[in-house]
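# Breakdown of the fold
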Amino acid sequence: MSTSAVNNNNDPRRPEKIHRYKHPAPSVSGGPSPEDPIPDYMNVISMFCSMFGLMMKLKWCAWIALYCSSISFANSRVNEDTKQILSSFMLSISAVVMSYLQNPQPMTLPGYS
């Protein structure tokens, strides 16, 4: 018995149902873009929260900045500007460190003081 006859009889796959993946082209008509804006949004939120945490000495805001910058760093693409993402990450780390250096008391959440 030939190998092609054995493969055709025992193979449960259906070749007529196979559809190859095609990468979506960027649409000019205003449809959904293949670009993911989440890393950019998280980077802006991280910068805002870290500056707010540094200026107002809010520890919870500095921790939110660190969380958002790590999400932005994890979801970034290879060809993006890594300097901006790393500077946002370092700014959020410095916000956490400076807020604890200025007030070493444990963090209290807003509304639970």
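Numbering of residues starts from 1 in each chain and follows the order in which that chain's sequence is written. Local features in a predicted model are, by the rule used here, given only for residues with pLDDT of at least 70; side-chain atom pairs are given and counted only at 80 or more, and totals for whole chains, interfaces and linings are based on all residues. The basis for the side-chain values is all heavy atoms of the structure; hydrogens and waters are excluded.

## A word on the packing of helix 2 (residues 38-56) against helix 3 (residues 59-74)
Which entries qualify depends on this criterion: All axes here are fitted lines through C-alpha atoms, helices being fitted over the stretch that makes contact, and every angle between N-to-C directions spans 0 to 180 degrees. Helical segments are the DSSP runs of H or I of at least four residues, strand segments are the runs of E of at least two, and each set is numbered from the N terminus. Roughly parallel means an angle under 35 degrees; roughly antiparallel, over 145; roughly perpendicular, 65 to 115; everything else is oblique. Left-handed describes a crossing whose near helix is turned anticlockwise from the far helix by less than a right angle; the clockwise case is right-handed. The criterion used for residue contact is that any of the two residues' heavy atoms lie within 4.5 Å. Throughout this entry, Asp, Glu, Lys and Arg are counted as charged residues, while Ala, Val, Leu, Ile, Met, Phe, Trp, Tyr, Cys and Pro are counted as nonpolar. The remaining residues, Gly among them, count as polar.
In the contact formed by helix 2 and helix 3, the axes pass within 8 Å of each other and the chain directions differ by 155 degrees. In terms of their interaxial angle, helix 2 and helix 3 are classed as roughly antiparallel. Of the two possible hands of crossing, helix 2 and helix 3 adopt the one that is left-handed. Counting all contacts with helix 2, which are made through Pro39, Met42, Asn43, Ile45, Ser46, Cys49, Ser50, Phe52 and Gly53, the residues of helix 3 involved are Cys61, Ala62, Ile64, Ala65, Cys68, Ser69, Ile71 and Ser72. The residue inventory of the contact of helix 2 with helix 3, partitioned by class, reads eleven nonpolar, six polar and no charged.

## Comments concerning the side chain of Ser69
The cut-off we apply is this: Here a polar contact is recorded for every N or O atom pair within 3.5 Å, except that within protein the pair must consist of a potential hydrogen donor and a potential acceptor, and residues adjacent in sequence are included only if both atoms are side-chain atoms.
In this fold, Ser69 is placed in helix 3. Within the structure, the side chain of Ser69 is placed 3.0 Å from the backbone oxygen of Leu66, a separation counted as a polar contact. Not counting chain neighbours up to four residues away, the residues in contact with Ser69 comprise Ser46, Ser88, Phe89 and Ser92.

## Some details on helix 3
The line we're drawing: Expected helix span is computed as 1.5 Å times (number of residues minus one). Only protein chains enter the accessibility calculation, which uses a 1.4 Å probe. A residue is then buried if its area is under 20% of the maximum for its type, exposed if over 50%, and partly exposed in between.
The terminal C-alpha atoms of helix 3, which comprises 16 residues, lie 23 Å apart, in line with the 22 Å expected from a rise of 1.5 Å per residue. Every buried residue belonging to helix 3 is among Lys59, Cys61, Ala62, Ala65, Leu66, Cys68, Ser69, Ile71 and Ser72, and all of these are buried. At its buried positions, helix 3 is contacted by helix 2 and helix 4 (82-102).

## So, the environment of Cys49
Take Cys49: it is sitting in helix 2. Sequence spacing of Cys49 and Ala95 is 46 residues, and the spatial spacing of their C-alpha atoms is 9.0 Å. Beyond its immediate stretch of four places on either side in the chain, Cys49 contacts Cys61, Ala62, Ile64 and Ala65.

## A short note on the UniProt feature "transmembrane region" (unreviewed entry) in the chain
Our working rule: UniProt positions are given in the numbering used here, feature names are shortened, and annotations may be inferred rather than shown by experiment.
In this structure's numbering, the residues bearing the UniProt feature "transmembrane region" (unreviewed entry) are residues 60-78 and 84-101. Secondary structure across residues 60-78 divides into 79% helix and 0% strand, with the first and last C-alpha atoms of the span separated by 30 Å. Helix and strand shares over residues 84-101 are 100% and 0% respectively, and the end C-alpha atoms of the span are 25 Å apart.

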